[in-house]
Amino acid sequence: MAKEQPIPLTHLEPGQKGRIAAVDPDHQFHHRLADLGFVPGSEICVLRKAPLKDPIEYEVRNCRVCLRRSEAGCIYVFLHAAALLKSK
Amino acid sequence: MATLSGPRKHESEDSLPILASIRRFALVGSPNSGKSTLFNSLTGLRAKVANYPGVTVDRLEGIARLPSGEEIELIDLPGIYSSEALSVEEHVTMKVLRGEMPGCPPVDGIIFVADATSLARSLPLLGSFLKLGLPVVLALTMVDEIKARGGAVRPHRIQDVLGIPAVGIVGNKGIGIDDLKAILDSPEEIQPFRSSSSIPDEVHERFAWADDILGQIYRPPRTGTPLTDRADSILLHPVLGVIVFALVMTFFFQAIFAWAAPLQDFMEGLVGSIGQGISALVPDGLLQSILVDGIVAGVGSVVVFIPQIALLFILLTLMEQIGYMSRAVFLIDRMMGWIGLDGRSFVAWLSSYACAIPGIMAARSIPDPRNRLTTILVSPFMTCSARIPVYTLLIAAFIPAKTIFGVLNLQGLVMMGLYLLGAVTALVVATVLRKGLLRGRTIPFYVELPPYRIPTGRALLRGVWTPVYRFIRRAGTVILLASLLLWVTLTFPRMDIPSAIAAQGEEAVASYQLQNSAAGRFGRLIEPFFEPLGFDWKITVGLVASLAAREVIVATLGQIYATEAEADNLSGLTKILPSQLQTVHTGPGAEAYSLATALSLLIFFVFALQCVSTLVVMRRETGSIRWPVTAFLFMFGLAYIASLLTYRLTLWLAL
């Protein structure tokens, strides 16, 4: 199986799931993101986007948190294969 | 541990008197963990709100009684996502726990409140608090919900693994409260946590530590609750959600328009009756005047608004506690982003439509200082309750009661237009602020969407009572003082009435007295400054008077134009104003001048910061006199220019 590359969270569409690979440490916010549950290893699911496409609602560690695209972009995830197959 | 050197009562600024020998426990947990419900269950009615020194954060403390009869003090610390504090509130929580908050004695232990359904996120947070070395008791809330959602956790297993007492709670049913009290009662349970070294310092490692523990004792619930999922599929739907949001907002503003006036009228009637009652009991003269025109009028101008403000806050509190408010924040956030703010500012501004005082205080929920300041500075542009009597009077007197296209009420449209003008101005000024004076990167936005929950009656009551009380206390004291001052300046100095004036009758005498009172003289002094706006000295006096509270101008106009007894009531005043509002220009075109003055006055009230109470609260919330002064001067300048333009434009169009 080819090694999966983590992709930015913003590339996921509502309904897709993944596992967090890394959070960009250069982002000033990454401490708070960690405390909110966005840490490597956490399962994450994209629930929905706001009517104007931003912010986006995520489910992580049984909590529903909304982030703007600019913050979500520094979270990298491994997209779950099942979700990949399903969306095809 | 607190030293037991005997009972010692002390008071610090704005705090509650406490006894040093009473044990103190802090409730700590993330927002939405059920902490406040637990606090209410434990303390019942024995809780008070105060302030921490130097910061605008509410200090919630209360007394709980344990089975043994011992009373303990509980302190409900602000919700926190991390021991590395980001917002002012989180800093307060950490300061109190570390014993570094002046006026706040150290706590004897922590009651860590965690929502069982999201333990996967709160367990690492618990870990960081265990490292403080204080005794910790774990209160797991929503244990009924986790079971209903197919998850499982057993508090006594956590106890085994972590080494701290743990109890399961169902907050709104009071289950587990007694168990918690029993634990707090047993000294052997409340021991300092000693295994800090086993808990990692670094956040990612702490999550791994937590996952390890969770693997042993926890089965996560299914995601979401059926109610929340179904509701959000509509309420957060790109089309339906927006429609619902628009409907909710319409309902909110409809409540203001439709119910504000009748509620105010009712209260005015009450206050009027009291005034009349006193007039009947107390003989005519200075005493009667100070009682009726000073005190009753002053207190009246505050009390009149209470029902309406309470109503609006019932709506807002309901939305907040059910969980809808965070959804509104989510929906509106992008548009707020165009201004440079985020969705939370919108929620704070909604409160300002009742009264800017709780509205400005609502800005405490905004973590970023620049966003918060911007939100506070433009709050007075939102059309508050006090502007309504002014608008209503002038619109009723000067705008014909016509219907446009058979459906739209012209008077209603003008009212709505004034509301819109205030709101749009606020948005523009906020944008300019965030691009100029208050520009810069801010704390990134995030909002948690908790599951929808039915709030407890007690929580609702507290949510409504707090802003109403703040209005009464802050506005009440300032307005009462200002009203008394106003009464003095309008009543004194007492003049000897020349016989020529006396011969003209009661109204002429009253007018003469007013003209030569301190306020009247002042009004005539600054009249030239306001003349370009179409305001004569009488209106100018009214403007100065309404600095105490905007609606005072209605009463002041009533006093000034008291040509007949009829003018004492509003409908009489409405009839009189078109001919009396300005008396400089008579003959043909006089109507146009009156209309121009009326519109100019309306616009002035849209933009001017005519409220000393707001200035006082602004100073308190921003920590500096600089901001209220700046806001006042800026809004005054804006009002002046806008009024001037309105006056000139109206005259140009009408003549």
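Because the structure is predicted, anything quoted here is derived from the model rather than measured.

S.K.: Describe the pattern of salt bridges, and please don't skip the residues or the numbers.
M.R.: As a working rule, side chains carrying opposite charge can pair if their charged atoms are close by. Residues and elements named next belong to chain B. Summed over the entire model, instances satisfying the criterion amount to 26 salt bridges over all chains. Among the salt bridges present, the one from arginine 65 reaches glutamate 71, with a minimum N-O distance of 3.1 Å. Judged by relative accessible area, which is 25%, glutamate 71 ranks as partly exposed. In this structure, arginine 149 and glutamate 145 form a salt bridge, with 3.1 Å as the shortest nitrogen-oxygen distance.

S.K.: Please set out the interface of chain A and chain B residue by residue, giving values where relevant.
M.R.: Facing 31 residues of chain A, the contacting portion of chain B comprises 44 residues. When chain A packs against chain B, close to 3,200 Å² is buried across both sides, 57% of that on carbon and sulfur atoms. Looking only at chain A, the three residues that lose the most surface to chain B are Arg32, Arg61 and Arg64 of chain A, adding up to 22% of its buried area. Run the count over chain A and chain B and you get four salt bridges. Viewed at the interface, chain B and chain A are joined by 13 residue pairs in polar contact (both at pLDDT 80 or more).

S.K.: How would you sum up a nonpolar patch on the surface? Please name residues and give values.
M.R.: Residues and elements named next belong to chain B. On the surface, Ile234, Val239, Leu240, Ile243 and Leu247 cluster together to form a nonpolar patch covering roughly 450 Å² of accessible area. With three residues, helix H9 (residues 240-281) is the single largest residue contributor to the nonpolar patch. Here isoleucine 243 shows up in helix H9. Of the residues examined, isoleucine 243 reaches a relative accessible area of 45% and is grouped as partly exposed.

S.K.: How would you summarise the packing of aromatic side chains if you had to cite specific residues and measurements?
M.R.: Each aromatic ring pair is specified by the distance between its two centres and by the angle formed by the two planes. Residue and element names in this part refer to chain B. On inspection of all chains with the given rule, the structure shows 22 aromatic pairs over all chains. Seen in terms of ring centroids, phenylalanine 245 and phenylalanine 346 are 5.8 Å apart; in terms of plane orientation they differ by 45°. Their pairing is tilted. Here phenylalanine 245, found in helix H9, pairs with phenylalanine 346, found in helix H13 (residues 343-352); they are 101 residues apart in sequence, far enough to count as distant. Comparing phenylalanine 245 with phenylalanine 346, the two get one shared label, buried. A ring pair is formed by phenylalanine 251 and tryptophan 259, whose centres lie 6.1 Å apart and whose planes are at 85°; its orientation type is edge-to-face. Looking at phenylalanine 251, the relative accessible area reads 44%, which means it is partly exposed. Residue tryptophan 259 is classed as partly exposed on the basis of its relative accessible area of 39%. Taken together, the ring pairs connect Phe529, Phe530, Phe535, Phe604, Phe632, Phe636 and Tyr640 into an aromatic cluster. Directly above the ring of tyrosine 452 sits arginine 327, whose terminal nitrogen or CZ lies 4.0 Å from the centroid.

S.K.: Account for helix H15 (residues 369-378) of chain B, naming residues and giving values.
M.R.: Residue and element names in this part refer to chain B. The buried count for H15 comes to eight of ten residues, which makes it a mostly enclosed element. Where H15 is concerned, the buried positions are Asn371, Arg372, Leu373, Thr374, Thr375, Ile376, Leu377 and Val378. The secondary structure elements touched by the buried residues of H15 are H13, helix H14 (356-362), helix H17 (410-435), helix H26 (612-622) and helix H27 (626-654). Where H15 begins, the side chain of aspartate 368 points an oxygen toward the backbone nitrogen of arginine 370, at a separation of 3.0 Å.

S.K.: Account for the environment of serine 345 of chain B, with residues named and values stated.
M.R.: Residue and element names in this part refer to chain B. For serine 345, the position within the fold is in helix H13. Along the backbone, serine 345 and threonine 374 are 29 residues apart, and their C-alpha atoms lie at a distance of 8.9 Å. With near-sequence residues (within four places) excluded, serine 345 lies in contact with Met336, Ile366 and Thr375. A distance of 2.9 Å separates polar atoms of two side chains, one belonging to serine 345 and the other to threonine 375.

S.K.: I'd like to hear about the packing of helix H12 (residues 324-339) of chain B against H13 of chain B, residue by residue, with values.
M.R.: Between two packed helices, what matters for the description is the angle formed by their axes and the separation of those axes. Residues and elements named next belong to chain B. It is the contact of H12 with H13, at a shortest axis distance of 6 Å, that shows an interaxial angle of 115°. Along this stretch, H12 crosses H13, giving a crossing that reads as right-handed. For the pair formed by H12 and H13, the contact residues are Met325, Val329, Ile332, Asp333 and Met336 on the first element and Gly343, Arg344, Ser345, Phe346, Val347, Trp349 and Leu350 on the second. For the contact of H12 with H13, the residue count by class is eight nonpolar, two polar and two charged.

About the criteria used
- Residues numbered from 1 in each chain as written.
- Chains lettered and ligands numbered in written order.
- Predicted model: local features only at pLDDT ≥ 70, side-chain atom pairs only at ≥ 80, totals over all residues.
- Heavy atoms only, no water.
- Salt bridge = Lys/Arg side-chain N within 4 Å of Asp/Glu carboxyl O.
- Buried < 20%, exposed > 50% of the residue type's maximum accessible area, 1.4 Å probe, protein only.
- Contact = heavy atoms within 4.5 Å.
- Buried area = accessible area lost by both parts, 1.4 Å probe.
- Polar contact = N/O pair within 3.5 Å; in protein donor to acceptor, adjacent residues only side chain to side chain.
- Patch = residues over 30% accessible without salt bridge, like charges linked within 9 Å, V, L, I, M, F, W, Y side chains within 5 Å.
- Areas by Shrake-Rupley, 256 points an atom, 1.4 Å probe, with all protein chains shown as cover.
- Helix = DSSP H or I, 4+ residues; strand = E, 2+ residues; numbered from the N terminus.
- Phe/Tyr/Trp six-rings, centres within 6.5 Å; stacked < 30°, edge-to-face > 60°.
- Lys NZ or Arg CZ within 6 Å of the ring centre and 35° of its normal.
- Axes fitted to C-alpha atoms, helices over the stretch in contact; angles between N-to-C directions.
- Left-handed = near helix turned anticlockwise from the far one by under 90°.
- Nonpolar A, V, L, I, M, F, W, Y, C, P; charged D, E, K, R; others polar.

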